[in-house]
Amino acid sequence: MRARLEGVMAKRRLRGWNPPLENINALVASGGPRLLARSRELVVTNGYAANACEAFAANLVGDGIKPSSLIADPDLCDRVQKLWLAWTDEADADGLTDFYGLQAMVAREMFVAGECFVRLRPRRAEDGLLVPLQLQLLQSEMLPFEKTETDPNGNRIRCGVEFDLIGRRVAYHFRRRHPGDSTDQRIAVPDTVRVPAEEVLHIYRPIYAGQIRGLPHVAPAMVRLFLLDQYDDAELDRKKTAAMFAGIITKTAPEDPMMGEGEADLDGAAIASLEPGTMQVLLPGEDVKFSSPADVGGGYEAFQYRTLLAVSASLGLPYHLVTGDVRQANYSSLRAELVEFRRRVQQLQHGVIAYQLCRPVWARWLETAQLAGRLDLSDQVAARMVQWIPPRWDWVDPLKDIQAQVLAMEAGLTSRRKVVEATGYDVEEVDRENAADAARTKQLGLRYRTSPGETQGARATPTQTPKPDDEGDGSDAQSEQE
């Protein structure tokens, strides 16, 4: 029992360990702006942080987490899916990307700032949109950390978020312009605007109970990355400065000319130049000592490796995704770390991106589409039933993984739907495409088979099925291909 409670001891070893008992919201309120500013600068200026940010977004959302409607009516389901696909190109209020590009921007903001706000913007019918709804992304700085007060209506405002008397989020108090954007010279009076909570999606990973604002994903690695970057710059400058000096000439009489053609720089110090193939004879009293700059030492690479390992562990990303270094990787090590990494990513995909972003957008989009007359939904609740399919994972060993999935289906351990969805596709869409391919193949008289001697899974070769009126020519062509 005493060993289990060793952390409460206050004797010699732990006498200096006295952390303050502060709530996460108090820490974010006091240090949020500085943490956010440092995080943004680090991702812009540090190569490892920038690469980790892109790897985080690419693995979290990839080319998009896409919906598969569970509407029972196949015709209605098909109309819903096609209308959604067409609307995704119009989803961005800034007109820069589509809905799945917005997902990637949200993922990057989660890495850098820990949170992102999505404002649902209804549009007018004359705007010419298929569904009069667009999404506007707002950065974390748009919601002031320092705005903590009591509203005249009795609600509490904490870090820019307004809560009612029973603790529900009812509004967000956004700034009218970004505090760091010097190009926006609008006079904002008042400085903030109150936006109802039903018009805002707050996307962040809740780590602690009662947490109000998000924490940057890069926060645990910020100090190491910053200091490592400074160390690398200092080492590079040291080597550069040392390499500038080829040698130093010493002579007994400073007034005598040096070997070669002497010239003076701006400070009056003499500089001697050498040319290729020169065989120089020194004058009496002259001596040359060539520069031999100190090397970084054998411990430099080991130090870098261990530091970047700690950075990767702090970020929760595999080492090779942060650094691009796969020299010490093999099949087993890559698979082991990717399996663990993908489990963490799946938590964020389903618990944050799908739950906080995709599902509310889908529900509001269905409601808006019905009000605009684009869809006729008799059961709004049933229409909201949807499954969000994350992007497929690239296999480390495709042949073994596919064979394992086929065996699992044959043994009844999984369904074909699950296997298809693991590739990032909708099983209904795949079935429709397969049926269309089969009909087209039959219409054109094509037959696909595996050639003799080829292993299972090798590329099939098409052959032309002979027709009754030219049976002889067709059989000759087929036998020639065989």
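Residues numbered from 1 in each chain as written. Predicted model: local features only at pLDDT ≥ 70, side-chain atom pairs only at ≥ 80, totals over all residues. Heavy atoms only, no water.

S.K.: Just give me the short version of the overall build of the chain, but keep the residues and values in it.
M.R.: Across its full length, the chain carries 13 helices and 16 strands. Out of the 482 residues in the chain, the part that is buried amounts to 35%. Look at the contacts in the chain between residues 6 or more apart in sequence, and 63% of them connect residues 24 or more apart. Accessible area of the chain: about 30100 Å², with a carbon and sulfur share of 54%. (Helix = DSSP H or I, 4+ residues; strand = E, 2+ residues; numbered from the N terminus. Buried < 20%, exposed > 50% of the residue type's maximum accessible area, 1.4 Å probe, protein only. Contact = heavy atoms within 4.5 Å. Areas by Shrake-Rupley, 256 points an atom, 1.4 Å probe, with all protein chains shown as cover.)

S.K.: Please give an account of empty space enclosed by the protein that cites residues and values.
M.R.: Tallied over the entire structure, the rule returns 2 cavities of 30 Å³ or more. Contributing to the lining of the largest cavity are Val28, Gly32, Leu35, Leu36, Ala113, Phe145, Gly214, Leu215 and Pro216. When its residues are assigned to classes, the lining of the largest cavity shows 7 nonpolar, 2 polar and no charged. In this structure, the second largest cavity encloses a volume near 30 Å³. Residue assignment for the lining of the second largest cavity shows that the elements contributing at least two residues are helix 4 (99–112) and strand 3 (133–138). It is helix 4 that provides the largest number of residues to the lining of the second largest cavity, a total of 4 residues. Grouping the amino acids of the lining of the second largest cavity by side-chain chemistry returns 7 nonpolar, 1 polar and no charged. (1 Å grid on protein atoms, 1.4 Å probe; cavity = no way out; pocket = protein on both sides within 12 Å on 5 of 7 lines; lining within 4 Å. Points joined across faces, edges and corners; volume = space filled by probe spheres on them. Nonpolar A, V, L, I, M, F, W, Y, C, P; charged D, E, K, R; others polar.)

S.K.: I'd love a proper account of the confidence of the model for the chain, names of residues and values included.
M.R.: Residues at a pLDDT of 70 or more form 80% of the chain, whose mean pLDDT is 83. Predicted confidence is poor over residues 468–482, with pLDDT under 50, and the contacts of this stretch with residues over four places away or in other chains come to 8 contacts. (pLDDT = per-residue confidence, 0-100.)

S.K.: Give me the packing of aromatic side chains: which residues, what numbers.
M.R.: In this structure the tally under the stated criterion is 17 aromatic pairs. Arranged with centres 5.9 Å apart and planes meeting at 65°, the rings of Phe117 and Tyr172 form a pair that is edge-to-face. Here the residue Phe117 occupies a position in strand 2 (residues 115–122), and Tyr172 occupies one in strand 7 (residues 169–175), the gap between them amounting to 55 residues. The pair Phe117 / Tyr172 is uniform in exposure class, with both members buried. Relative to Trp365, the ring of Trp362 lies with its centre 5.5 Å away and its plane at 35°, an arrangement referred to as tilted. Of this pair, Trp362 and Trp365 both sit in helix 8 (residues 331–371), separated by 3 residues, roughly a single helical turn. With a relative accessible area of 0%, Trp365 lands in the buried category. Positioned above the aromatic ring of Phe163, the side-chain terminus of Arg158 is 5.8 Å from the ring centre. (Phe/Tyr/Trp six-rings, centres within 6.5 Å; stacked < 30°, edge-to-face > 60°. Lys NZ or Arg CZ within 6 Å of the ring centre and 35° of its normal.)

S.K.: Can you break down the sheet that holds strand 3 residue by residue, with the values?
M.R.: The antiparallel open sheet is built from 3 strands, whose spatial order is 3-2-9. One side of each edge strand has no neighbouring strand; the edge strands of this open sheet are strand 3 and strand 9 (200–204). Averaged over all neighbouring strand pairs, the angle between strand axes comes to 25°, with direction disregarded. The pairing of strand 2 with strand 3 spans 6 bridges and is antiparallel. Residue pairing across strands places Pro122 opposite Leu133, the latter belonging to strand 3. Lying on the sheet, helix 8 is in contact with strand 2, strand 3 and strand 9; it crosses strand 9 at an angle near 160°. (Pairing = 2+ DSSP bridges. Axes fitted to C-alpha atoms, helices over the stretch in contact; angles between N-to-C directions.)

S.K.: Could you give an account of unusual backbone geometry, with specific residues and numbers?
M.R.: Of note in this structure, Cys159 is not a glycine but carries a positive phi near 55°. Residue placement: Cys159 occurs in the loop between strand 5 (156–158) and strand 6 (161–163).

S.K.: So, the pattern of salt bridges: which residues are in play, and what are the values?
M.R.: Throughout the structure, instances matching the rule amount to 18 salt bridges. The salt bridge involving Arg432 is made with Asp78; its shortest N-O contact spans 4.0 Å. You can see Arg432 sitting in helix 12 (residues 427–444) and its partner Asp78 sitting in helix 3 (residues 74–88), a full 354 residues away along the chain. Residue class for Arg432 comes out partly exposed when judged on its relative accessible area of 46%. One salt bridge connects Asp325 with Arg327, and the closest N-O pair in it is separated by 3.0 Å. Residues joined by salt bridges that share partners form a network here, namely Arg40, Glu109 and Glu141. (Salt bridge = Lys/Arg side-chain N within 4 Å of Asp/Glu carboxyl O.)

S.K.: A description of the nonpolar core should follow, citing residues and the corresponding values.
M.R.: Counting 63 residues, the largest nonpolar core has Trp87, Ile353 and Trp365 as the members making the most contacts within it. Counting residues per element, this core draws most heavily on helix 8, which supplies 13 residues. Among residues more than four places away in sequence, those in contact with Trp365 are Val80, Leu83, Trp84, Trp87, Val131, Leu133 and Leu375. Membership of the second largest hydrophobic core comes to 12 residues, among which are Phe117, Leu138, Met142 and Phe163. (Core = buried A, V, L, I, M, F, W, Y, C linked by side-chain atoms within 4.5 Å.)

S.K.: Any details on a nonpolar patch on the surface? Residues and values, ideally.
M.R.: On the surface, Val223, Phe226 and Leu227 cluster together to form a nonpolar patch covering roughly 300 Å² of accessible area. By the element assignment, Phe226 lies in helix 5 (residues 222–243). (Patch = residues over 30% accessible without salt bridge, like charges linked within 9 Å, V, L, I, M, F, W, Y side chains within 5 Å.)

S.K.: Which residues make up the sheet that holds strand 7, and what values go with them?
M.R.: Two orientations exist for strands paired in a sheet by backbone hydrogen bonds: parallel and antiparallel. Judged by pairing direction, the sheet is antiparallel, and its 5 strands sit side by side in the order 4-5-6-7-8 without closing on themselves. Sheet topology places strand 4 (149–150) and strand 8 (192–196) at the edges, where each strand pairs with a single neighbour. Where strand 6 and strand 7 come together, 3 bridges link them in antiparallel fashion. Bridge assignment links Phe163 to a residue of strand 7, and that residue is Arg169.

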